[in-house]
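A look at the structure
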Amino acid sequence: MKQHQNHIVIENMGQAFREGMRDGVPIGLGYLAVSFSLGIAARNAGLTPFQAFLASLLCNASAGEYAGFTTIVAHAAFLEIALVTLIANARYLLMSCAMSQRMYPGISVWHRLFMAFDITDELFGIAISRPGYLNPYYTYGAVLTAAPCWAFGTALGTVAGNLLPLRLVSAFSVALYGMFLAVIIPPARKDRIVAGLVLLCFLASFGASKLPGLSELSEGTRTILLTVILAAGAALLFPRPAEPGEEESANVSFSGRQERGEDK
Amino acid sequence: MPVNYIYILIMAGVSYAIRVLPLTLIRREIKNKFIRSFLYYVPYVTLAVMTFPAILNATQSPISGLLALAVGILAAWLGADLFKVAVLCCAVVFLSEFFVL
């Protein structure tokens with residue numbers, strides 16, 4: 001059975017990889033703009049362009065790296081930078097949990113190890129928005145396009161500071177949010193609960209950015225707090241049926257879903 | 001400074017651990033209805049929370065950010081794919097800041 005399952009994925013490998021690379025393009029463009037400004041922060045922290053490149057290549061996290069760089073400026077203790085990174089990136093832990101539920105039975109541990117490397121808001125978003133089990137090769141294609149943009153953009157920002165005209169930076173930087181919208185709006189259209197939840201998230205997030213006390217927290221911390229509270233609230237009030245829609249479509253994309261006893 | 005490399009390695013190690021542990025350790029289907037539902041809602045909540053109001057501060061003028069949000073929602077609602085929505089949002093910001101604001 002393991003053979004069989006792997007075979008199905010390999011059949012889709014080339015196409016999924018190409019689709020991933022294509023969908024990685026807008027992400028890469030957005031990454032270039034955002035990582036460029038991250039590079040400026042890295043320079044302020046005293047990092048060389050190569051160190052900034054390395055940090056972005058290995059960490060793949062906007063808020064997490066930014067928080068890390070500001071900690072480096074302060075010459076903080078190693079434990080502190082570990083904690084700061086943990087808090088700023090905690091949402092990836094939740095995303096990784098969510099992804100674990102969409103692995104096809106019998107997927108090799110190597111796929112798990114590689115797919116985990118670049119779980120970011122955007123790459124998670126496009127992977128999870130596809131129906132059925134996650135296809136590792138789709139993720140690899142997207143990472144191959146987007147990750148170099150992130151690393152080179154950071155190095156470029158460290159070297160070149162303010163070369164890009166402000167107008168372009170401004171326009172590029174909404175690419176990321178456009179992608180978020182493309183992930184959350186279609187399910188909101190299909191499901192009134194998701195639609196209401198998205199609206200509530202906008203309001204709550206706006207409120208939290210203005211409220212005294214909450215607004216003093218970092219953006220990353222606010223995101224974690226709101227995610228846990230709102231997603232838990234939605235899960236309590238509107239639990240999903242045992243076999244949600246995305247699982248049903250798994251049958252279509254990976255013909256025949258056998259029992260899930262994959263961990264032998 | 002060599003100490004920077006230690007900082008970077010710690011950042012990288014923590015970032016990877018957070019991402020890899022759930023994905024490698026959770027091998028079973030989670031049966032608990034609450035946890036399942038929670039994980040189902042997490043991506044939408046996180047992305048929604050990070051989109052607004054951050055999109056207003058990403059651009060030079062909050063108005064162009066708001067326009068991009070409106071156009072992005074509309075385009076995604078009408079079925080535009082990821083790439084189209086992203087490019088449309090960029091174009092809206094560029095044009096609105098170029099001509100109007």
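Residues numbered from 1 in each chain as written. Chains lettered and ligands numbered in written order. Predicted model: local features only at pLDDT ≥ 70, side-chain atom pairs only at ≥ 80, totals over all residues.

Looking at the overall build of chain A
Rules: Here a helix means four or more residues in a row that DSSP labels H or I, a strand means two or more in a row labelled E, and each is numbered from the N terminus. Labels follow a simple rule on C-beta atoms placed from the backbone: if 20 or more others lie within 10 Å of a residue's own, it is buried; if 12 or fewer, it is exposed; otherwise it is partly exposed. Think of it this way: build a C-beta for each residue from its backbone, and any pair within 7 Å is a contact.
If you tally the helices and strands in chain A, you get 14 helices and zero strands. Listed N to C, the secondary structure of chain A is α-α-α-α-α-α-α-α-α-α-α-α-α-α in terms of helices and strands. Taking all 264 residues of chain A together, 50% fall into the buried category. Put simply, 80% of the contacts in chain A that link residues at least 6 apart link residues at least 24 apart.

Brief notes about the confidence of the model for chain B
Residues and elements named next belong to chain B. Applied cut-off: Scored from 0 to 100, pLDDT reflects the predictor's confidence in each residue.
In this model, chain B carries an average pLDDT of 89, and 98% of its residues clear a pLDDT of 70 or more. Per-element confidence in chain B ranges from a low mean pLDDT of 86 for helix 2 (residues 33–51) to a high of 96 for helix 4 (residues 62–77). The ipTM assigned to the predicted complex is 0.85, against a pTM of 0.70.

A word on the packing of helix 4 (residues 62–73) of chain A against helix 1 (residues 2–25) of chain B
For clarity, the threshold we go by: Lines fitted to C-alpha atoms define the axes, with helix axes restricted to the stretch in contact, and inter-axis angles between N-to-C directions lie between 0 and 180 degrees. Any angle that is under 35 degrees is reported as roughly parallel, and any over 145 degrees as roughly antiparallel; angles of 65 to 115 degrees are reported as roughly perpendicular and all others as oblique. Crossing handedness is read from the near helix: turned anticlockwise from the far helix by less than a right angle, it gives a left-handed crossing, and turned clockwise, a right-handed one. Nonpolar residues are Ala, Val, Leu, Ile, Met, Phe, Trp, Tyr, Cys and Pro. Charged residues are Asp, Glu, Lys and Arg, and all others, Gly as well, are polar.
In contact at an axis separation of 11 Å, helix 4 of chain A and helix 1 of chain B are set at 150° when each is read in the N-to-C sense. By the angle class used here, helix 4 of chain A and helix 1 of chain B are roughly antiparallel. When the axes of helix 4 of chain A and helix 1 of chain B are compared, the crossing they make is right-handed. Facing Gly64, Glu65, Gly68 and Ile72 of chain A of helix 4 of chain A, the residues of helix 1 of chain B in contact are Asn4, Tyr7, Met11 and Ser15 of chain B. Among the residues forming the contact of helix 4 of chain A with helix 1 of chain B, the class breakdown is three nonpolar, four polar and one charged.

Regarding the interface of chain B and chain A
Facing 65 residues of chain B, the contacting portion of chain A comprises 90 residues. Looking at the side of chain B that touches chain A, the elements that each hand over two or more residues are helix 1, helix 2, helix 3 (54–58), helix 4 and helix 5 (82–100) of chain B. In terms of residue count, helix 2 of chain B provides more of the side of chain B that touches chain A than any other element does, 18 residues in total. Of the residues in the side of chain B that touches chain A, the class split is 47 nonpolar, 10 polar and eight charged.

Focus on unusual backbone geometry
Here the amide bond leading from Phe52 of chain B into Pro53 of chain B is cis, since omega sits at 5°, within 30 degrees of zero. On the secondary structure map, Pro53 of chain B appears in the loop between helix 2 and helix 3. The residue Asn60 of chain A is not glycine, and still its phi comes out positive at about 50°. Residue placement: Asn60 of chain A occurs in the loop between helix 3 (49–59) and helix 4. Its 27 C-beta neighbours within 10 Å are what place Asn60 of chain A among the buried residues.

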